[in-house]
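As a plain string of letters, each chain reads:
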Amino acid sequence: MLTACDQQQVRTYRAPKDPMPPADESGAPRRAPIVWKEPPEWQPIPPGPMRAASFVVNGPDNQRAEISVVPLAGQAGSDLDNFNRWRAQLGLPPGEPAELERSVQQIEIGGQQGKLIEIAAAPSDQKSKSRMIVAMVQRNGITWFFKMMGDDAVVTAQKQAFMDFLGSVQYAD
Amino acid sequence: MQTSRIVQLLGSLRLTVVCLVCAAIIVFWGTMAQVEIGVYAAQQNFFRSWFITATLPGTEVRLPVFPGGYLVGGITALNMVFALIQRRRTATQSPGLWLTHAGLLLLLIGQFSTDMLAVESVMRLVEGQPQWYSEDQRKVELAIVETTLPDHNVVTAIPQALLARKSEFGTPELPFKVKVRRFMANSVPVENADAGADLITNHGAARQASFRETPHQYSGDRRDMPTAEIELLGPQGSMGTWVASLWLTKTQPLNISNRTFELSLRPVRYYKPFALELARFKHEKYPGSAIPRNFESDVRIINPEKGENRNVRIRMNNPLRYYGETYYQSGYDERDPRVSILQVVRNPAWVTPYISCALICLGLAHRFTSHLITFTKGFRK
């Protein structure tokens, strides 16, 4: 077994099998088994590999919203970084810390204390108002993001279903 | 003539004063800079550097603006050596002077050696699970782990410094070559590829994942999250591109020529020839507060090479010293009471400050007592 740590060379060495799933930078497990119960009207769609799950829900007039569950290693950026990333996805300019503070609510997800943020964007044409509700919670070195984003009417109508979905989340370990 | 003037300058008291003033400025400036750029970056730019650099306004060009810690320390060391040589007659009569200067020199050399040789990492222990490695908190490596064999893995690890050079790598253990197409020292995930993503790959777990490069993270409690875009090259040519990122929580499986591999960008691992297994973790806080009172890890050392299997206790301020490394009790996981986190420090120069301090104390004691004796004799006369 090699213990040297030359940072300028490619190293090849034998290592014991990991007793548990590989770890992130703080040594936390990379997989955290998770279960939930989604509402029947949500249609599962193939998740992107960064996503643990994706759903879509349709409303009237071809309106729709998409729900995703994304685990990311570590702290996954500051709350303000994430807040501004989501605002950018809705076409909004970056927000101030005070604005973030006003938008955040505390929420319990799978026995862990998490945060819930709601952002709405109303473009000047008033035809494509969109909304996003994101919950995030940290567990075992992984930050889990639960996000519903789409047309304002659908997201607003599905808010209670989304909250029930968050309430159903359980971590298996 | 010119040489003798340089030698005289190098041993002059004026240079000592200049060095001390520069050191004071660096300490003050570096301490203030920690507010803006964090402890790690300030250490790198102000203390572990030959020159302090600053960005030219409006560009990304960095220019030296002031001597750094290494330069000032190096000149101070030279100054001491030359001063001793120039004043050797006085110094010969006073062993205390020699000892004090030798102690100071050793202190400077020891600190430089620590910076060059010391390795710090973190070991996370979960109760009942043997742990064979610690992990670097800053550097990453591209790990290609062959999991085909039942009893052990074969790891090929490409360090961050080489990934940044974007070269091509091959080893006899791998049936393919690895070509680094792009490396981002820090990145953020972009969920929507239209939103400014830099990388999109066509294989592996990150098939639809995309990332954007961002500036370095200087905050003390956060780290850079690197991402690499790599291409695997087989005998028939390109096998496709993959994205490996510290953001991705899963390793990516590869099946090539009936052999199985896992691909990931992960913190650099330092494997040990022994394992530590956490038997029990005790974490006490002061009543009614979150202030830690005591951490204790009862750890079993399992060393197959030495046939060693024994229990040790690691407590706050009572580290384990084993195999040239020191294991400090450094933290816990707020969400998992079964987890203890140890700081692992390998520092071959750890003993130099103790020897330096002893030499300086001896030297000063000798100087003081010899002056005292002279003074007492004079007083009697």
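Whatever comes next refers back to the structure up there.
Residues numbered from 1 in each chain as written. Chains lettered and ligands numbered in written order. Predicted model: local features only at pLDDT ≥ 70, side-chain atom pairs only at ≥ 80, totals over all residues. Heavy atoms only, no water.

So, the overall build of chain B
Broken down by element type, chain B carries seven helices and 19 strands. Evaluated residue by residue, chain B yields a buried proportion of 42% over its 381 residues. Look at the contacts in chain B between residues 6 or more apart in sequence, and 54% of them connect residues 24 or more apart. Carbon and sulfur atoms make up 59% of the accessible area of chain B, which amounts to about 20,700 Å² in all. (Helix = DSSP H or I, 4+ residues; strand = E, 2+ residues; numbered from the N terminus. Buried < 20%, exposed > 50% of the residue type's maximum accessible area, 1.4 Å probe, protein only. Contact = heavy atoms within 4.5 Å. Areas by Shrake-Rupley, 256 points an atom, 1.4 Å probe, with all protein chains shown as cover.)

Remarks on the overall build of chain A
A tally of regular secondary structure across chain A gives four helices and ten strands. Mapped from its N terminus to its C terminus, chain A presents α and β elements in the order β-β-β-β-β-α-α-β-β-β-β-α-α-β. With 173 residues in all, chain A has 47% of them scored as buried. For chain A, the accessible surface area stands at approximately 8,100 Å², while carbon and sulfur atoms represent 50% of it.

Thoughts on the environment of Ala73(A)
Along the chain, Ala73(A) falls in strand E5 (residues 64-73). Spatially, the C-alpha atom of Ala73(A) lies 8.8 Å from that of Trp144(A), the residues being 71 residues apart in sequence.

Here we look at the sheet that holds strand E6 (residues 104-109) of chain A
Strands in a sheet are paired, the pairing made by backbone hydrogen bonds, and the direction either parallel or antiparallel. Residues and elements named next belong to chain A. Taken in spatial order, the seven strands make up an open sheet running E3-E4-E5-E9-E8-E7-E6, and their pairing is antiparallel. With partners counted over all chains shown, the strands left at the sheet margins are strand E3 (43-45) and E6, one partner each. When strand polarity is set aside, the average angle formed by the axes of neighbouring strands in this sheet is 25°. When strand E4 (residues 53-58) meets E5, the two strands line up antiparallel, connected through six bridges. Pairing of valine 56 across the sheet is with glutamate 66, part of E5. (Pairing = 2+ DSSP bridges. Axes fitted to C-alpha atoms, helices over the stretch in contact; angles between N-to-C directions.)

Examining the side chain of Asp152(A)
Residues and elements named next belong to chain A. Positionally, aspartate 152 belongs in helix H3 (residues 152-157). Using a relative accessible area of 15% as the deciding quantity, one classes aspartate 152 as buried. Not counting residues up to four positions away in its chain, the partners in contact with aspartate 152 are Lys129, Ser130 and Arg131.

Overview of the pattern of salt bridges
All names here are of chain A. Inspection of the entire model under this criterion finds 21 salt bridges over all chains. A salt bridge links glutamate 99 to arginine 87; its shortest N-O distance comes to 3.2 Å. One end of the pair, glutamate 99, is in helix H2 (residues 97-103); the other, arginine 87, is in helix H1 (residues 79-89), with twelve residues separating them in the sequence. According to the relative accessible area criterion, arginine 87 is buried, its value standing at 9%. (Salt bridge = Lys/Arg side-chain N within 4 Å of Asp/Glu carboxyl O.)

Some words on the pairing of strand E1 (residues 51-55) of chain B
Inspection of the sheet shows E1(B) paired to strand E2 (residues 62-67) of chain B by five bridges, in the antiparallel sense. Bridge assignment links Ile52(B) to a residue of E2(B), and that residue is Phe66(B).

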